[in-house]
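# Breakdown of the fold
Listed below, chain by chain, are the residues.
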Amino acid sequence: MKKGDIIIVLLVLLLAGSVFGIYTIFFGGKGADVVVYVDGEETGRYRLDENRTIEINDGTNTLVIENESARMEEAGCPDQVCVRHKAISKDGESIICLPNKVVVSVEGGEETDADAVVQ
Amino acid sequence: MNRKGARLASFGVFVALALIFSYIETLIPFQIGIPGVKLGLANIVIVIALYRMPPGEVVTLSVVRVLLSGFLFGNMMSILYSLAGGLLSLAVMWGLKHLKAVSILGVSIAGGVFHNLGQLLAAALVVETYGVFSYVPVLLISGLITGLVIGLVSSEMLRRIRGLQF
């Protein structure tokens, strides 16, 4: 392992940490709405605290909002990554079904859980 | 066999090796619920090629194996993401390779990281949503780890095939 390698590793860790930090500070609070985007266009906006089942994109994906979290119940895509994804509930989190171009995001909501933000 | 014929045959072997590694990867149940996190075993072949072949050939190797891999194991869209990730990572790796302070480990780590970033960028363009960027930290770390593993294996391989002429 040479000096340049260490620098690269540190830069990657720094970048990962920064982006993570940004997401935690500016997002991360309990979300309010579940927004569904298909191919970049918003096709539905639902409240996180109302249980429902939604067919997205003519049924290629099935979204279930339950217990103040959203998960992909079913999907007609080959990899099923979206179905296996953990349920989302916090502002900024999202479940993406790339083959079907479906993005389900949690948006809005309360202030973040961070204790303080330096002004 | 003349030089050109030998080179062509070796190139074919490299493509085949990369495809075999891709196939082996489909047999290993490595699943995290995040798109884009995978071992990338075929990149061992790419990294080794990077250190033993002229750069133009490595690009061709990368493109050919992404295409064939996509036809065999994936779908048309996955080819797009793999190409984006593969070419970006190749460009970065080739650039870093020239730096004396960076060993094959650093090159490979950067390769892994930028492969994931390239795929993420392609995904962001396709779904036209910023939500994809919440995956950046995970993909950076997983790219770092897989890059490190690929680098370790590649460096060991290179040591052992040093005398081999192709």
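Now for a look at the structure at hand. Fair warning: this is a prediction, and the values are worked out from it, not measured in the lab.

Where burial is concerned, most of helix α2 (residues 43–52) of chain B is hidden: eight out of the 10 residues are buried. Considered for burial, the residues of α2 of chain B that qualify are Asn-43, Ile-44, Val-45, Ile-46, Val-47, Ile-48, Ala-49 and Leu-50 of chain B.

Let us now look at the packing of aromatic side chains. In the structure shown here, the tally under the stated rule is zero aromatic pairs over all chains. A cation sits over an aromatic face here: Lys-97 of chain B above Tyr-51 of chain B, 5.5 Å from the ring centre.

This paragraph deals with the packing of helix α1 (residues 3–26) of chain A against helix α6 (residues 136–160) of chain B. Where α1 of chain A contacts α6 of chain B, the axes come no closer than 8 Å and their chain directions differ by 160 degrees. The orientation of α1 of chain A relative to α6 of chain B falls into the category roughly antiparallel. When you trace α1 of chain A past α6 of chain B, the crossing you get is left-handed. The segment α1 of chain A lies against α6 of chain B, with Val-9, Val-12, Leu-13, Leu-15, Ala-16, Val-19 and Phe-20 of chain A engaging Val-136, Pro-137, Leu-140, Ile-141 and Leu-144 of chain B.

What follows concerns the interface of chain A and chain B. Contacts between the two partners involve 28 residues from chain A and, on the opposite side, 34 residues from chain B. When the buried area of chain A at its contact with chain B is split by residue, Ile-8, Val-12 and Leu-98 of chain A rank highest and sum to 20% of it. Applying the counting rule to chain A against chain B returns zero salt bridges. Taken together, the connections running from chain A to chain B amount to eight residue pairs in polar contact (both at pLDDT 80 or more).

Turning to unusual backbone geometry, a few remarks are in order. Residues and elements named next belong to chain A. With phi around 55 degrees, Asn-67 is a residue other than glycine that occupies positive phi space. Position of Asn-67 among the secondary structure elements: in the loop between β4 (61–66) and β5 (69–75). On the basis of relative accessible area, Asn-67 is assigned to the exposed category, the value being 64%. A positive phi is found at Lys-101, a non-glycine position, where the angle reads about 55 degrees. Positionally, Lys-101 belongs in the loop between β6 (94–97) and β7 (102–107). Since its relative accessible area comes to 27%, Lys-101 is described here as partly exposed.

Residues and elements named next belong to chain A. In terms of burial, strand β1 (residues 33–38) is a largely internal element, five of the six residues being buried. Note that β1 and strand β2 (residues 41–47) share six bridges and pair antiparallel. Among the inter-strand pairings, Val-36 is bridged to a residue of β2, identified as Gly-44. Counted along the chain from β1 to the antiparallel partner β2, the turn is two residues long, and its residue Asp-39 has a positive phi close to 55 degrees. Looking at chain direction, β1 and β7 are connected through six bridges and run antiparallel. For Val-36, the partnering residue across the bridge sits in β7 and is Val-104.

This brings us to the sheet that holds β7 of chain A. All names here are of chain A. Strands sit in the order β2-β1-β7-β6 across an open sheet of four strands; the sheet is antiparallel. Each edge of the sheet is formed by a strand with only one pairing partner; in this case those strands are β2 and β6. The average undirected angle you get between the axes of adjacent strands in this sheet is 15 degrees.

Quick look at the pairing of β4 of chain A now. Residue and element names in this part refer to chain A. β4 sits mainly inside the fold: five of its six residues count as buried. Sheet analysis places strand β3 (residues 52–56) next to β4, joined by five bridges and oriented antiparallel. Counted as the bridge partner of Arg-52 is Ile-65 from β4. Hairpin connection between β3 and β4: a loop of four residues separates the two successive antiparallel strands, and Asn-57 in this loop has a positive phi of roughly 55 degrees. Looking at chain direction, β4 and β5 are connected through six bridges and run antiparallel. Among the inter-strand pairings, Asn-61 is bridged to a residue of β5, identified as Ala-75. Counted along the chain from β4 to the antiparallel partner β5, the turn is two residues long, and its residue Asn-67 has a positive phi close to 55 degrees.

Turning to the environment of Glu-41 of chain A, a few remarks are in order. If you trace the backbone, Glu-41 of chain A turns up in strand β2. When the C-alpha atoms of Glu-41 of chain A and Val-102 of chain A are compared, they prove to be 9.5 Å apart, with 61 residues separating the residues in sequence.

It is worth spelling out a nonpolar patch on the surface at this point. Taken together, the side chains of Met-1, Ile-6, Leu-10 and Leu-13 of chain A together with Ile-141, Ile-145, Leu-148, Val-149, Leu-152, Val-153 and Met-157 of chain B present a nonpolar region at the surface, about 920 Å² in accessible area. Of all the secondary structure elements, the ones that give two or more residues to the nonpolar patch are α1 of chain A together with α6 of chain B. The element best represented in the nonpolar patch is α6 of chain B, accounting for seven residues. Exposure remark for Ile-145 of chain B: the relative accessible area of 48% places this residue in the partly exposed category.

Conventions we followed
- Residues numbered from 1 in each chain as written.
- Chains lettered and ligands numbered in written order.
- Predicted model: local features only at pLDDT ≥ 70, side-chain atom pairs only at ≥ 80, totals over all residues.
- Heavy atoms only, no water.
- Buried < 20%, exposed > 50% of the residue type's maximum accessible area, 1.4 Å probe, protein only.
- Helix = DSSP H or I, 4+ residues; strand = E, 2+ residues; numbered from the N terminus.
- Phe/Tyr/Trp six-rings, centres within 6.5 Å; stacked < 30°, edge-to-face > 60°.
- Lys NZ or Arg CZ within 6 Å of the ring centre and 35° of its normal.
- Axes fitted to C-alpha atoms, helices over the stretch in contact; angles between N-to-C directions.
- Parallel < 35°, antiparallel > 145°, perpendicular 65-115°, else oblique.
- Left-handed = near helix turned anticlockwise from the far one by under 90°.
- Contact = heavy atoms within 4.5 Å.
- Buried area = accessible area lost by both parts, 1.4 Å probe.
- Salt bridge = Lys/Arg side-chain N within 4 Å of Asp/Glu carboxyl O.
- Polar contact = N/O pair within 3.5 Å; in protein donor to acceptor, adjacent residues only side chain to side chain.
- Pairing = 2+ DSSP bridges.
- Patch = residues over 30% accessible without salt bridge, like charges linked within 9 Å, V, L, I, M, F, W, Y side chains within 5 Å.
- Areas by Shrake-Rupley, 256 points an atom, 1.4 Å probe, with all protein chains shown as cover.

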